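# Structural overview
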Amino acid sequence: MLAIILFAFWPTENATRETVPLPQPVATSDKRIAFSFDDAPRGAGAFLEPDERPRLLIEALQTAGVEQAAFFINPGRITAHDNDAADIAAYAKAGHVLANHTAKHNKLSAVSAKAFLADIDAAEKWLKGKPNYRPWFRFPFLDEGRTNKAKRDAVRTGLKQRGLMNGYVTVDASDWYLEDMAISAARAGKLMDWNALRDLFVESYVESAEFSDDLARRTLDRAPVQMILLHETDLAAMFVDDLAAALKRQGWTIVSADEAYRDPIANMEPDVDFADGTRTQMLAAERNIGNRWYKRNDQKLAKKLFAERVLRD
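Residues numbered from 1 in each chain as written. Predicted model: local features only at pLDDT ≥ 70, side-chain atom pairs only at ≥ 80, totals over all residues. Heavy atoms only, no water.

## Looking at the layout of surface pockets
Regions of empty space are outlined by a rolling probe, equal in size to a water molecule, passed over the atoms. Selection rule: Grid points spaced at 1 Å and placed over the protein atoms alone form the basis of the search, with a cavity being a set where a 1.4 Å probe fits but cannot get out and a pocket an open set showing protein on both sides within 12 Å along at least five of seven lines. Lining residues have an atom within 4 Å of a point. Grid points are joined across faces, edges and corners, and a volume is the space filled by probe spheres set on the points. Each helix is a run of DSSP H or I of at least 4 residues and each strand a run of E of at least 2, with the numbering of both proceeding from the N terminus. Under this grouping Gly is polar, as are all residues other than the nonpolar Ala, Val, Leu, Ile, Met, Phe, Trp, Tyr, Cys and Pro and the charged Asp, Glu, Lys and Arg.
Approximately 550 Å³ is the volume attributed to the largest pocket. If you go around the largest pocket, you meet 24 residues; those closest to its centre are Phe141, Leu142, Asp172, Ser174 and Trp176. For the lining of the largest pocket, the secondary structure elements donating two or more residues are strand E1 (32-40), strand E5 (143-146) and strand E8 (226-231). The residue inventory of the lining of the largest pocket, partitioned by class, reads six nonpolar, nine polar and nine charged. Within this model, the second largest pocket holds a volume of roughly 200 Å³. Along its surface, the second largest pocket is lined by 14 residues, and Lys160, Met165, Asn166, Ala266 and Glu269 are the ones closest to its centre. Mapped onto the lining of the second largest pocket, the elements with two or more residues apiece are helix H5 (149-161) and strand E6 (165-166).

## A look at empty space enclosed by the protein
According to the stated counting rule, one finds three cavities of 30 Å³ or more in the structure shown. Estimates place the volume of the largest cavity at around 80 Å³. Secondary-structure elements contributing two or more residues to the lining of the largest cavity are helix H6 (175-187), helix H7 (194-220) and helix H11 (299-310). Of the residues assigned to the lining of the largest cavity, the class counts are seven nonpolar, two polar and one charged. Elements that contribute at least two residues to the lining of the second largest cavity include exactly strand E7 (171-172), H7 and helix H10 (279-286). The element that contributes the greatest number of residues to the lining of the second largest cavity is H7, accounting for four residues. For the lining of the second largest cavity, the residue count by class is four nonpolar, seven polar and two charged.

## Some remarks on unusual backbone geometry
Heads up, the condition is: Burial classification: accessible surface area is computed with a 1.4 Å probe over protein chains only, and a residue below 20% of its type maximum counts as buried, one above 50% as exposed, and the rest as partly exposed.
Looking along the chain, the bond that leaves Ala40 and enters Pro41 is cis, with omega of 0 degrees. For Pro41, the position within the fold is in the loop between E1 and helix H2 (52-64). With a phi close to 65 degrees, His105 is a non-glycine residue in the positive phi region. Structurally, the position occupied by His105 is in the loop between strand E3 (97-100) and helix H4 (113-127). The exposure class of His105 is buried, given its relative accessible area of 13%. With a phi angle near 50 degrees, Arg146 is a residue other than glycine that sits in the positive phi range.

## Examining the packing of aromatic side chains
Quick note on the threshold: Side-chain rings of Phe, Tyr and Trp (the six-membered ring for Trp) are treated as a pair once their centres are within 6.5 Å; stacked means planes under 30 degrees apart, edge-to-face means over 60, and tilted covers the remaining angles.
This structure, assessed with the given rule, holds 12 aromatic pairs. The interplanar angle of 45 degrees and the centroid separation of 5.6 Å between the aromatic rings of Phe201 and Tyr205 together place this pair among those described as tilted. Within this pair, Phe201 and its partner Tyr205 are both found in helix H7, separated by four residues, close to a single helical turn. With respect to burial, Phe201 and Tyr205 carry one shared label: buried. Counting every residue linked through ring pairs, the aromatic cluster contains Phe37, Phe71 and Tyr91.

Structure, rendered in structure tokens:
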């Protein structure tokens, strides 16, 4: 009987073996992006109360799943007569990080390297010791000296001496200009389509992220972590959760600012004739890669789109 049982289960040459399907690999995207906000405290906008904006921005980032954004601070704008210092502390308490954007937001190409470094030092004096401080510095206006290489290199040396890393960006869609146009329209009593304004804001940044991703791949043959540049504006507080959701739908993973600045491009210093703009633009210029400017940063085009879609002119 045992022999019969064994024979029944013994494989023959023509027996068909049952194959167990292997688990399929899960497709993962290498498109990663972090969020940052310049010019805090930015001052009053036209749509939200001064202390309402930080509260709404913190809530929107939480809703969006942005656990850690970077806020680049201008301490020279803080006075004893406002709540700006408390608002900045609230960003840190919510898990976001604080970094240097100079005290007074001067443009490097408009001042001496010595004056510019002194402005950085003034901001560092206020920032050091604050919760969630990071030793990062972002150039106001993304102006790294433009055509003045001696000034550029003097500030690069000064940053290294101070232990500060260049807090570069890779994704920009000029949200500050959208805000300016919205404020001007509101003051002029013009009717705005707010749904269209939200869509224009979100669409422009998603397009810019995709553009920078393509530019980086063409330049570096890989996908670095992208760093998005926003400003501490009313529009950002109202629309950043919509932007994050749209990026996720396009396959982007939102990561921390800390992770973004661990990417190898953080250690690259492009040697270009015109040091101004995003890190991806300058790296592409260094390598003579074409088509490196995102079109909607052209104010003429941005103004046209705003008039057509938001004002319905």
